[in-house]
Amino acid sequence: MVKVNLGGCSSFVKDADYKAYVNKALEAFDTLQAENGAGNDFLGWKTLPVDVSEDIISSCEQVRDSWKAKGVDLVIVIGIGGSYLGARCAIEALSHCFVRKEGNPQVVFAGNNLSEEYLAELMDLAKLRNTAIIVISKSGTTTEPAVAFRIFKEYVEQTYGKAEAAERIVAITDEHKGALKTLSTQEGYKTFIVPDNVGGRFSVLTPVGLLPICVAGFDIRAMLKGAADERESLLVKGEDNSAVQYAAMRNLLHTEAGKAVEILVTYSPKLVYLAEWWKQLYGESEGKDGKGIFPASVNNTADLHSMGQFIQEGSRVMFETLINVENANRSVVIGSDEQNLDKLNYLAGQHVDHCNAMAQLGVKVAHIDGGVPQMEVSIERIDEYNLGSIFYFFEFACGISAYVLGVNPFNQPGVEAYKKNMFALLRKPGFEAETEAILKRI
């Protein structure tokens, strides 16, 4: 279960102010639970840990097993934003940093950029491997994934033939409508549904996240169990509710202490994409109506040698939320050296993770002394169960926090602005007037 420690904020806030914001968070909790707040038609994520059916889980496992039988060793997951960040977070966290899990395909991602070099180099890889595709898009017309899918669909069809290609392409899309749904029906692709009442950034526990994670060889049942147990804990209203505590403190630090930036701090390279997923979740949920806390991230200790100076002594506009992993899954002990030229014999016999923990503690004290409050969000270890738990924790806390802030957590009206300009500059039919207007400006 996720645990929250607010001790690193105590010198920056008053007890009375914290209690007031806990009360605000409890009111927001009630709104979220009553499902009568803004965006209440996108609350399907709340019950996903217990609503995902055995049919969906077994269907994911069937795709995994079918592709294994075909010898598939490369799966290209095509999607952008919430259609890929959750899956990538879990796969990066659970995978060996350097070696593909034996007997399972390498899972790579496309459709999240428009880099020609990236797509060309991914095609180089696909030509060397036995390839299948998971394409994720509710509409099928979002530019970045649609471009990537067109390119790799053509390659798979040319390489394996149309009939076999239909066995190597799985679509996760709308149940009834959209270009990808129409194509899937025409071509006979196996499909999974993106629920209408779950927004993209909350979709990691739908097939959007579950299928790629399962195909990569990881236990989605354990992930759903972790999320379900976290949900059970968070449904208990009270001042000890960890999501209430987190939402209350971050809003207090923002509104009363003037902290405009929240930095998610990790101490494992495996969690870099957890931070990327979290940044979308909070940035897209809260950044609207001229409001919001800007979500940033660092991965220490590496970033202590790049961003550390600014965090320690730069503008005092930030607070930190540390992801604390209590137990490592692997063991490496530092040895002794007779010459001791590097002066490290005082660490002989220590686990590397102990050094990491002491760096983490030392940074915490230094940053607090330097004027940077720090919360801790702790999980026991990096595994499927705990990832499911922290996914659900951050989603639930996000709903509470955004309601405290006074915004709709579940819409994203601002993301359309760049698309209109891009379509106009690409001279998409129907955007002629916009094209002329933009060209005059640039």
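So, here's what we can say about the structure. The model shown is predicted, which means the values in this text are computed figures rather than measured ones. (Residues numbered from 1 in each chain as written. Predicted model: local features only at pLDDT ≥ 70, side-chain atom pairs only at ≥ 80, totals over all residues. Heavy atoms only, no water.)

**Notes on the overall build of the chain**
Note the threshold: In DSSP terms, a helix is any run of H or I states spanning at least four residues, a strand is any run of E spanning at least two, and both are numbered starting from the N terminus. Here the radius of gyration uses the C-alpha set of atoms, whereas the globule reference equals 2.2 Å times the residue count to the power 0.38. Partly exposed residues are those whose accessible area sits between 20% and 50% of the maximum for their type, while under 20% is buried and over 50% is exposed, using a 1.4 Å probe and protein chains only. In this description, contact between two residues means that some pair of their heavy atoms is separated by no more than 4.5 Å. The method behind every accessible area is Shrake-Rupley, applied with a 1.4 Å probe, and residues are considered shielded solely by the protein chains displayed. Residues counted as positive are Lys and Arg, residues counted as negative are Asp and Glu, and His and the chain ends are not counted. To locate a charge, take atom NZ for lysine, CZ for arginine, CG for aspartate or CD for glutamate.
A count of helices and strands for the chain gives 17 helices and 10 strands. The C-alpha radius of gyration computed for the chain amounts to 23 Å, which stays within 12% of the reference 22 Å derived for 442 residues, consistent with globular compactness. Along the three orthogonal principal directions, the C-alpha set of the chain runs to about 65 × 60 × 50 Å. Scored against the burial criterion, the 442 residues of the chain give a buried share of 51%. Pairs at least 24 apart in sequence give 79% of the contacts found in the chain among residues at least 6 apart. Only carbon and sulfur atoms are counted for the fraction: they give 51% of the accessible area of the chain, which is about 20100 Å². Distance between charge centroids for the chain: 4 Å, based on 43 positive and 57 negative side chains.

**Here we look at the nonpolar core**
This is how the line gets drawn: By nonpolar core we mean a set of buried residues, namely Ala, Val, Leu, Ile, Met, Phe, Trp, Tyr and Cys, connected to one another through side-chain atoms within 4.5 Å.
Trp45, Trp277, Phe394 and Ile400 are the most contacted members of the largest nonpolar core, which has 94 residues in total. Of all the elements, helix H15 (residues 384–405) adds the most residues to this core, at 12 residues. Look past the residues within four positions of tryptophan 277 in its chain and what remains in contact with it is Leu85, Gly86, Cys89, Arg201, Val204, Phe391, Phe394 and Glu395. Grouped together as the second largest cluster of nonpolar side chains are 23 residues, Leu119, Met123, Ala148 and Ala165 included.

**Structural notes on the pattern of salt bridges**
Going by this rule: Each salt bridge in this description consists of a side-chain nitrogen of Lys or Arg and a carboxyl oxygen of Asp or Glu lying within 4 Å of one another.
Per the stated rule, a full pass over the model turns up 22 salt bridges. Among the ionic pairs, aspartate 30 bridges to lysine 237, the shortest N-O distance being 2.7 Å. With aspartate 30 in helix H1 (residues 15–34) and lysine 237 in the loop between helix H10 (220–234) and helix H11 (242–255), the pair connects residues that are 207 residues apart, well separated along the chain. A relative accessible area of 33% places aspartate 30 in the partly exposed class. Its relative accessible area of 45% is what places lysine 237 among the partly exposed residues. For the salt bridge of glutamate 35 with lysine 46, the shortest nitrogen-to-oxygen distance reads 3.1 Å.

**Considerations on the sheet that holds strand S9 (residues 318–325)**
Let me state the cut-off plainly: One requirement defines pairing of two strands: DSSP has to find at least two bridges between them. A fitted line through C-alpha atoms represents every axis, and for helices the fit uses only the stretch in contact; the resulting angles, taken between N-to-C directions, go from 0 to 180 degrees.
Taken together, the 5 strands give an open sheet; going across it, the order is S1-S10-S9-S7-S8, and neighbouring strands pair in mixed fashion. Edge positions in the sheet fall to strand S1 (3–8) and strand S8 (294–299), since each has one partner strand and no second. When strand polarity is set aside, the average angle formed by the axes of neighbouring strands in this sheet is 25°. Examined bridge by bridge, strand S7 (residues 261–266) and S9 share 5 bridges and lie parallel to one another. Bridged to valine 261 within S9 is methionine 318.

**With respect to the packing of H10 against H15**
Rules: Roughly parallel means an angle under 35 degrees; roughly antiparallel means over 145; roughly perpendicular covers 65 to 115; every other angle is labelled oblique. Handedness of a crossing is defined here by the sense of rotation of the near helix relative to the far one, left-handed for an anticlockwise turn of less than a right angle and right-handed for a clockwise turn.
H15 packs onto H10 with a crossing angle of 40° between their chain directions and a minimal axis gap of 6 Å. One finds that H10 runs oblique with respect to H15. Between H10 and H15 lies a crossing whose hand is right-handed. Within the contact between the two elements, H10 uses Ala222, Met223, Lys225, Gly226, Ala227, Asp229, Glu230, Arg231 and Leu234 and H15 uses Glu384, Tyr385, Leu387, Gly388, Ser389, Phe391, Tyr392, Phe393 and Phe396.

**Quick word on the sheet that holds strand S6 (residues 190–193)**
If you walk across this open sheet you meet the 5 strands as S3-S2-S4-S5-S6, and the pairing is parallel. Because the sheet does not close on itself, it has two edges, and the strands there are strand S3 (106–110) and S6. Pairwise comparison of adjacent strand axes, ignoring direction, gives a mean angle of 20° for this sheet. By the bridge criterion, 4 bridges tie strand S5 (residues 169–173) to S6 in an arrangement that is parallel. Each bridged residue has a counterpart across the sheet, and for threonine 173 the counterpart in S6 is isoleucine 193. Along the sheet face, helix H5 (residues 116–128) touches strand S2 (74–78), S3 and strand S4 (131–136) and points at about 155° away from the line of S3.

**With respect to the state of the cysteines**
The line we're drawing: The definition used for a disulfide is geometric: two cysteine sulfur atoms within 2.5 Å.
Per the stated rule, a full pass over the model turns up 0 disulfides. Of all cysteine sulfurs, the one in cysteine 89 lies closest to cysteine 97, which takes part in no disulfide; the gap is 14 Å. With a relative accessible area of 49%, cysteine 97 lands in the partly exposed category.

**Focus: helix H8 (residues 179–187)**
Rule in force here: The arc refers to the directions leading from the helix axis to the C-beta atoms.
Looking at H8, one finds that the buried residues are Leu180, Lys181, Leu183 and Ser184. The buried residues of H8 occupy one face: seen down the axis, they fall within an arc of 165°. Looking at H8, the residues exposed on the side facing more than 90 degrees away from the buried face are Thr185 and Gln186. Buried positions along H8 lie against S4, helix H6 (143–160), S5 and S6.

**As for the environment of glutamate 54**
Mapped onto the elements, glutamate 54 comes out in helix H3 (residues 54–69). Separated by 236 residues in the primary sequence, glutamate 54 and glycine 290 have C-alpha atoms spaced 43 Å apart.

**Section: the environment of leucine 405**
Take leucine 405: it is sitting in helix H15. You can call leucine 405 buried: its relative accessible area is 12%. Along the sequence, leucine 405 and alanine 28 sit 377 residues apart, while their C-alpha atoms lie 9.5 Å from each other. For leucine 405, the contacting residues outside a window of four places in its chain are Asn251, His254, Glu286, Lys291 and Gly292.

**Concerning the side chain of threonine 266**
Our working definition: By the criterion applied in these results, polar contacts are pairs of N or O atoms within 3.5 Å in which, for protein atoms, one can donate a hydrogen and the other can accept it, and in which residues neighboring in sequence qualify only through two side-chain atoms.
For threonine 266, the location among the structural elements is in strand S7. One polar contact links threonine 266 to asparagine 299, side chain to side chain, over a distance of 2.7 Å. For threonine 266, the residues in contact, after removing those within four places along its chain, are Leu271, Val298, Asn299, Asn300 and Ile323.

All quantities given are derived from atomic positions and should not be read as evidence of function.
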